Amino acid sequence: MPDQLTDAELLDLTVRVPEHVVHRAFVAETVVLNLQTGRYHGLNPSAGRMLAVLESEGRIRTAADTIAEEYEQPLELIERDLAKLCRQLLERRLIEFTGGTPG
Amino acid sequence: MSATALPVRRAAFGVALELEGIDVPSLDAGVRAPAAAEPRTRVRRVAAREIAARWADARPERARELRGRDGRLLLSVDADPVQGYLMRTPRDGRFLVPPDGLEVLCAPLARAARSWTDLLVGQLLPLVATLRGLEVLHASAVALDRGALLFTAPAGAGKTSAALRLVLEGARLLADDAVAIDAHGDRLLAHPGAGALAVRREEQRRLRRGERARLGGARRSAGKTRYDVSTAGGPVPVAAMFMLGRTDSTRPIVRRLDPVDPFRLLAGTFNLSVRTPERLRRQLDLCARLADEVPVLSLDVPPTVDAGTLAACVREWATERRS
């Protein structure tokens, strides 16, 4: 379960956006839609970009590297923010671990 | 030998229709059906028992309810993945639309007389359009010069009045309350809906006799005066979307929304009963395209300003944009 994992353990995992989730980037917000529940979620531009990078990279730690470079921010800071975002997205089932939930 | 009336062919909300024994004056005979609008949706009157028989195997979920201020149920929609959408109103009767939107079965109450065709054009045909792959916005719209102007607003905030005034000044009506939109390549097109404007009492009082005559046939329905007016003859590219609101200022204020709040766009969509994944995805896609490709403006109006001034603001904006 994600809440039983440390940030370091979480960062070594790989995630994907499930088929029942779509997202569209607007100028100031990314809207994420869970097609199974019909529920919309709003992400600020940074979180929206993180989701897009997570989707393309898969592995959370690799996504953190990419985002840290892109935003020219300390890696530790990005890893912490990205781990927090991943926990929130996992809780809402907007992303999932590839190969199932660990643990 | 009995004479059988031939079905009447019409187009509205981007859908080709075949009406069997149903007279709906607000469906303009001059509207062309887009090629993609085929096959035709068949609209016919049936006995209530035919709908009951089809619905007997349904395992419905309540998809929508509309209640009056006193809590009375005014309209309900039940959805079943196989049988479709059953719409009921105590005033008009019961109506069934299958999930593919290719049929509308109407079992109006005898006392519903003309009112049930208002439900047909105001609720059932927009539902059909949604099921047939278009997206429907809760908006009024007119065709002005080379583009469609859309007006979204909470109920009573003036979207019909804005459209009415622009129609009186020469614009063509596209729709009063529900506008069907679809994407054709790089363009978003607004389709003509029903040629009816439901005018509130206050706006009706402001209309001069000559203006009433120009609008055409009128009748009273549900506390409003409904005018049957001709619509644009076909789909029109969307040129702008105005979100009407209120202001304490003394003058109307028009400003472009940049960025556009996607949730305001989503809130302006129609047919909340249809929650299929395909529809939800299309709805989000349309809102993303509107935000990206169409000027979205807020038009905030003081309570003291009438619809004529509001329409003048819109015209001024459209003129500035062209020049």
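Summarised in this report is the structure supplied together with it. Because the structure is predicted, anything quoted here is derived from the model rather than measured.

Cut-off values and rules
- Residues numbered from 1 in each chain as written.
- Chains lettered and ligands numbered in written order.
- Predicted model: local features only at pLDDT ≥ 70, side-chain atom pairs only at ≥ 80, totals over all residues.
- Heavy atoms only, no water.
- Helix = DSSP H or I, 4+ residues; strand = E, 2+ residues; numbered from the N terminus.
- Expected span 1.5 Å × (residues − 1).
- Buried < 20%, exposed > 50% of the residue type's maximum accessible area, 1.4 Å probe, protein only.
- Core = buried A, V, L, I, M, F, W, Y, C linked by side-chain atoms within 4.5 Å.
- Domains from an automatic or database assignment.
- Contact = heavy atoms within 4.5 Å.
- Buried area = accessible area lost by both parts, 1.4 Å probe.
- Salt bridge = Lys/Arg side-chain N within 4 Å of Asp/Glu carboxyl O.
- Polar contact = N/O pair within 3.5 Å; in protein donor to acceptor, adjacent residues only side chain to side chain.
- Nonpolar A, V, L, I, M, F, W, Y, C, P; charged D, E, K, R; others polar.
- Pairing = 2+ DSSP bridges.
- Phe/Tyr/Trp six-rings, centres within 6.5 Å; stacked < 30°, edge-to-face > 60°.
- Patch = residues over 30% accessible without salt bridge, like charges linked within 9 Å, V, L, I, M, F, W, Y side chains within 5 Å.
- Areas by Shrake-Rupley, 256 points an atom, 1.4 Å probe, with all protein chains shown as cover.
- Lys, Arg positive; Asp, Glu negative; His and termini not counted.
- Charge placed at Lys NZ, Arg CZ, Asp CG, Glu CD.

Describing helix α2 (residues 115–131) of chain B
Residue and element names in this part refer to chain B. Over its 17 residues, α2 extends 24 Å from the first C-alpha to the last, a length consistent with the 24 Å expected when each residue adds 1.5 Å. Counting buried positions over the 17 residues of α2 gives 16, a clear majority of the element. Looking one or two residues past α2, G133 carries a phi angle of roughly 105°, positive in sign.

Description of the nonpolar core
Side chains of a nonpolar character, in soluble globular proteins, are inclined to be buried together. Residues and elements named next belong to chain B. Core analysis: the biggest nonpolar cluster contains 36 residues, and L27, V43, V104, L120 and L124 have the highest contact counts within it. Of all elements in the fold, only β2 (15–20), β5 (73–80), β6 (84–89), β7 (93–97), β8 (103–108), α2 and β13 (178–184) reach the threshold of two or more residues within this core. Three or more residues apiece are contributed to this core by two domains, here domain 1 (8–132) and domain 2 (137–322). Setting aside residues no more than four positions away along its own chain, L27 makes contact with R10, A12, L17, L19, V121, L125 and A194.

Let's talk about the interface of chain B and chain A
Across the contact, 16 residues belong to chain B and 14 residues belong to chain A. Of the roughly 1400 Å² buried between chain B and chain A on both sides combined, carbon and sulfur atoms contribute 72%. Looking at the side of chain B facing chain A, the largest losses of area belong to F263, R281 and L284 of chain B, adding up to 38% of the total buried there. Across the contact surface, chain B and chain A share one salt bridge. Our enumeration of links across chain B and chain A arrives at three residue pairs in polar contact (both at pLDDT 80 or more). Counting only elements with at least two residues in the side of chain B that touches chain A, the list comes to α6 (262–267) and α7 (277–293) of chain B. At nine residues, the largest contribution of residues to the side of chain B that touches chain A is made by α7 of chain B. Of the residues that constitute the side of chain B that touches chain A, the class distribution is 11 nonpolar, one polar and four charged.

What to know about the pairing of strand β4 (residues 39–43) of chain A
Residues and elements named next belong to chain A. Here five bridges tie strand β3 (residues 30–34) to β4, and the two strands are oriented antiparallel to one another. Within β4, the residue paired with V31 across the bridge is G42. Between β3 and β4, which follow one another and run antiparallel, lie four residues, and G38 among them has a positive phi close to 75°.

Overview of the packing of aromatic side chains
All names here are of chain B. By the definition in use, this model includes three aromatic pairs over all chains. On the basis of an interplanar angle of 20° and a centroid distance of 6.0 Å, the ring pair of F95 and W116 is categorised as stacked. Taken together, the residues span a long stretch of sequence, with F95 in strand β7 and W116 in helix α2 at a distance of 21 residues. The residues F95 and W116 share a single accessibility class, namely buried.

Quick notes on the side chain of T247 of chain B
Looking at where T247 of chain B falls in the secondary structure, it is placed in the loop between β18 (236–246) and β19 (253–256). Engagement of the side chain of T247 of chain B in a polar contact is seen with the backbone nitrogen of S249 of chain B, the distance being 3.0 Å.

With respect to a negative patch on the surface
Residues E57, D65, E69 and E72 of chain A make up a contiguous surface patch of negative charge. Taking relative accessible area as the criterion, D65 of chain A reaches 38% and is therefore assigned partly exposed.

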